Amino acid sequence: MTGNYTSTRNNEVSSTFSNAVLLGISESGGLFVPKDIHHYKISLDHLLSQSYQEMASTILKCFADDFEIEEIKQCIHSAYTNTFDTEDVVKLNSLDDIHLLELYHGPTSAFKDVALQLLPFLMKVAKRKHQIIDDFYILTATSGDTGKAALEGFKNIDGIKVICLYPNQLVSNIQEKQMLSTNGNNTYVYAVKGNFDDCQRMVKEVFNDIEFNQLCHEKHIQLTSANSINIGRLCPQVVYYFYAYIQLVKENKIKLNDEVNFVVPTGNFGNILAGYYAKCLGLPIHQLICASNKNDVLTEFIRTGTYNRNREFHKTISPSMDILVSSNVERYLYECTHHNTSRVLELMNQLSENGNYSLNTLEFDELSSLFKAYACDDMQTRKTIQKWFNQSNHIIDPHTAVALNSYHQYKEEFNDETPTVILSTASCYKFPVDVVESILGIKCSNENEAILLLKQNGMEKIPSNIENLLNDKILLPKIMKQDELKEKIIERME
Ligand SMILES: *Cc1c(COP(=O)(O)O)cnc(C)c1O
């Protein structure tokens, strides 16, 4: 089957978009990438008169090579009509000269909804195209937000089951409550004894287990992923980079074709990679600024060219970024090696054998000219939330605060006056206790009390999905050991 996608680890692979979305991950452990993302260019002029949904169709068309435009439009319409509590899916909120791109107005109050509301519809069309009648089991490792967004996106869909793994005691209470309270008839949630990297590794191991996949095949089941290793997760995220840019033009903050910067709070490198793809498609981006918490493996990588996951893992107040193995870096390696897939394979083998790898000079020059990187610890994150609250009366969540802090560091270092958009990835209501402690200096023992304090202090209405949790009783998680995933999948086949 030929198409516009190949594998990061083997350029002999050729796949269509629909096939890549259905498989999630390519054979031999590689990730599906567009063979030549630079091939397409989006006309900015053209976008000026388009709604969010129309922009999404224009941009998705560059990725979904074997979808008809009508199919794309239909998916987008189904995903984005009456599911977000803003008119345009996302919202650019300019306060002084800081432009916050609020990505958390979807059903689970984190940016993952933008992609995970759409992915089920893309999969449905893809299944139809390939005339697949097998059931799909979607294995999802989550550091906190993907899980709930995937559960919401896929719940009660015929022919699909969602199995979601999160690290036990390493997600926020609200995140855990959100996942455990999902009322789908096809959703299964487990707390894994380990951290996010363990969850991600468990899922990847099952995908690569040929014997087990054969067993699934016999039972008419296909395994796939809703993590950002699935290319269908990334392309919907490219849209809001263009949207933010067009908003800035419409608000006279910039002129068409002026450059802007984006600051992205980063974990698995998916969101920021979508920004990179936007740049490849012609969006005038000056710098992409990668923001990390104390798990600063990406900061070191972007500054030195050495990726080293042999380091202490820190539990932070921005848990969705507590990641040491950022999967989507591999897709960027495909770009900075100029599509040299044997080189990518070599680097990835080094990572799995030694826990580290280093770029050569040419590769590193590309990386460091495109990205800048900063990190901050919990103390700095709290201070940033507090300072921003005092200054603007607006409350940001800890992930957004890591990004804002990184922006301040960037500005101090480079004195760059280029208009800059900060990606705001979650609602502060998802992390109420830490946020209240940051802005008011009070340590609430009760989450509900913290939520009400946020509301009293001027934050807009409580998102309805979180309001609904206020009265829920505490549910206990089902615990999974690191070697139990296959067993649990088999239990679901009955
Ligand atoms: C997932 C997540 C991130 C990190 O995004 P990546 O695409 O994994 O880099 C940042 N902030 C929040 C709130 C998230 O849920």
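How each quantity is defined
- Residues numbered from 1 in each chain as written.
- Predicted model: local features only at pLDDT ≥ 70, side-chain atom pairs only at ≥ 80, totals over all residues.
- Heavy atoms only, no water.
- UniProt positions renumbered as here; feature names shortened; annotations may be inferred.
- Salt bridge = Lys/Arg side-chain N within 4 Å of Asp/Glu carboxyl O.
- Helix = DSSP H or I, 4+ residues; strand = E, 2+ residues; numbered from the N terminus.
- Expected span 1.5 Å × (residues − 1).
- Buried < 20%, exposed > 50% of the residue type's maximum accessible area, 1.4 Å probe, protein only.
- Arc of directions from axis to C-beta.
- Contact = heavy atoms within 4.5 Å.
- Polar contact = N/O pair within 3.5 Å; in protein donor to acceptor, adjacent residues only side chain to side chain.
- Pairing = 2+ DSSP bridges.
- Phe/Tyr/Trp six-rings, centres within 6.5 Å; stacked < 30°, edge-to-face > 60°.
- Lys NZ or Arg CZ within 6 Å of the ring centre and 35° of its normal.
- Axes fitted to C-alpha atoms, helices over the stretch in contact; angles between N-to-C directions.

- An unreviewed UniProt entry annotates the chain as Threonine synthase originating from Anaerorhabdus furcosa.
- As recorded by UniProt, the Cofactor (unreviewed entry) comment attached to the chain reads in full: "pyridoxal 5'-phosphate".
- In UniProt, the chain has this text filed under Sequence similarities (unreviewed entry): "Belongs to the threonine synthase family."

**Structural notes on the pattern of salt bridges**
Point 1. Counted by the stated rule, this structure contains 21 salt bridges.
Point 2. Across the pair Asp145 and Lys430 runs a salt bridge whose closest N-O atoms are separated by 2.7 Å. Remark: Lys430 occurs in the loop between β15 (420-424) and α19 (432-440) and Asp145 occurs in helix α7 (residues 145-154); sequence separation between them is 285 residues.
Point 3. Notably, a salt bridge pairs Arg311 with Asp296, separated by 2.8 Å at the nearest N-O pair. Here the residue Arg311 occupies a position in the loop between β12 (306-308) and α14 (329-336), and Asp296 occupies one in the loop between β11 (285-292) and α13 (297-304), the gap between them amounting to 15 residues.
Point 4. Salt bridges sharing partners connect three or more residues here, namely Arg382, Asp434, Glu437 and Lys443.

**Points about helix α17 (residues 378-392)**
Point 1. The end-to-end C-alpha distance of α17 is 21 Å, a good match for the 21 Å that 15 residues give at a rise of 1.5 Å each.
Point 2. Every buried residue of α17 is listed here: Thr381, Thr384, Ile385, Trp388, Phe389 and Ser392. Viewed end-on, α17 has its buried residues packed into an arc of 130°, placing them on one side of the element. The exposed set on the far side of α17, more than 90 degrees from its buried face, consists of Met379, Lys383, Lys387, Asn390 and Gln391.
Point 3. For α17, the secondary structure elements touched by its buried residues are β4 (91-95), β5 (98-102), α18 (398-414) and α19.
Point 4. Capping of α17 at its N-terminal end is provided by Asp377; its side-chain oxygen lies 3.2 Å from the backbone amide nitrogen of Met379.
Point 5. Downstream of α17 by a residue or two, Asn393 has a phi angle that is positive, lying close to 65°.

**So, the side chain of Asn261**
Point 1. Take Asn261: it is sitting in strand β10 (residues 260-265).
Point 2. When near neighbours in sequence (up to four residues on either side) are disregarded, Asn261 contacts His286, Gln287, Ile289, Tyr410, Asp416, Thr418, Pro419, Thr420 and Val421.

**Side note on the pairing of β5**
On any regular strand, side chains alternate: one points to one face of the sheet, the next to the other face.
Point 1. The buried count for β5 comes to 5 of 5 residues, which makes it a mostly enclosed element.
Point 2. Here β5 shows no split at all, with Ile98, Leu100 and Glu102 on one side and His99 and Leu101 on the other all buried.
Point 3. When β4 meets β5, the two strands line up antiparallel, connected through 5 bridges. Counted as the bridge partner of Lys91 is Glu102 from β5.
Point 4. A loop of 2 residues connects β4 with β5, the two strands running antiparallel in sequence, and Asp96 in this loop sits at a positive phi of about 55°.

**Concerning the packing of aromatic side chains**
Point 1. What the rule picks out here adds up to 18 aromatic pairs.
Point 2. Between Tyr52 and Tyr80, the aromatic rings sit 5.9 Å apart at their centres with planes inclined by 75°, giving edge-to-face as the arrangement. Here the residue Tyr52 occupies a position in helix α3 (residues 52-63), and Tyr80 occupies one in helix α4 (residues 69-80), the gap between them amounting to 28 residues.
Point 3. With centroids separated by 5.6 Å and ring planes inclined at 10°, the aromatic side chains of Tyr307 and Tyr357 adopt a geometry described as stacked. On the criterion of sequence distance, the pair formed by Tyr307 in strand β12 and Tyr357 in strand β13 (residues 356-358) is long-range, its members being 50 residues apart. As far as the burial class goes, Tyr307 and Tyr357 line up, both buried.
Point 4. Connected via pairs of aromatic rings, a cluster forms that spans Phe63, Phe269, Tyr276, Tyr277, Tyr332 and Phe371.
Point 5. Lying across the ring of Phe67, Lys129 places its NZ or CZ 5.4 Å from the centre.
Point 6. Between Arg303 and the ring centre of Tyr374, over which it is positioned, the NZ or CZ distance is 5.1 Å.

**Some thoughts on the sheet that holds strand β7 (residues 160-167)**
Point 1. An order of β9-β6-β7-β8-β16 is seen for the 5 strands of this open sheet, with the pairing classed as parallel. Every interior strand has two partners, whereas the edge strands, β9 (221-225) and β16 (478-480), have only one. Mean inter-strand twist for the sheet, computed between neighbouring axes without regard to direction, equals 30°.
Point 2. When strand β8 (residues 187-192) meets β16, the two strands line up parallel, connected through 3 bridges. Bridging from a neighbouring strand, Tyr190 pairs with Lys478 of β16.
Point 3. Helix α22 (residues 485-493) rests against β6 (135-141), β7, β8, β9 and β16 of the sheet, and its axis sits at about 150° to β7.

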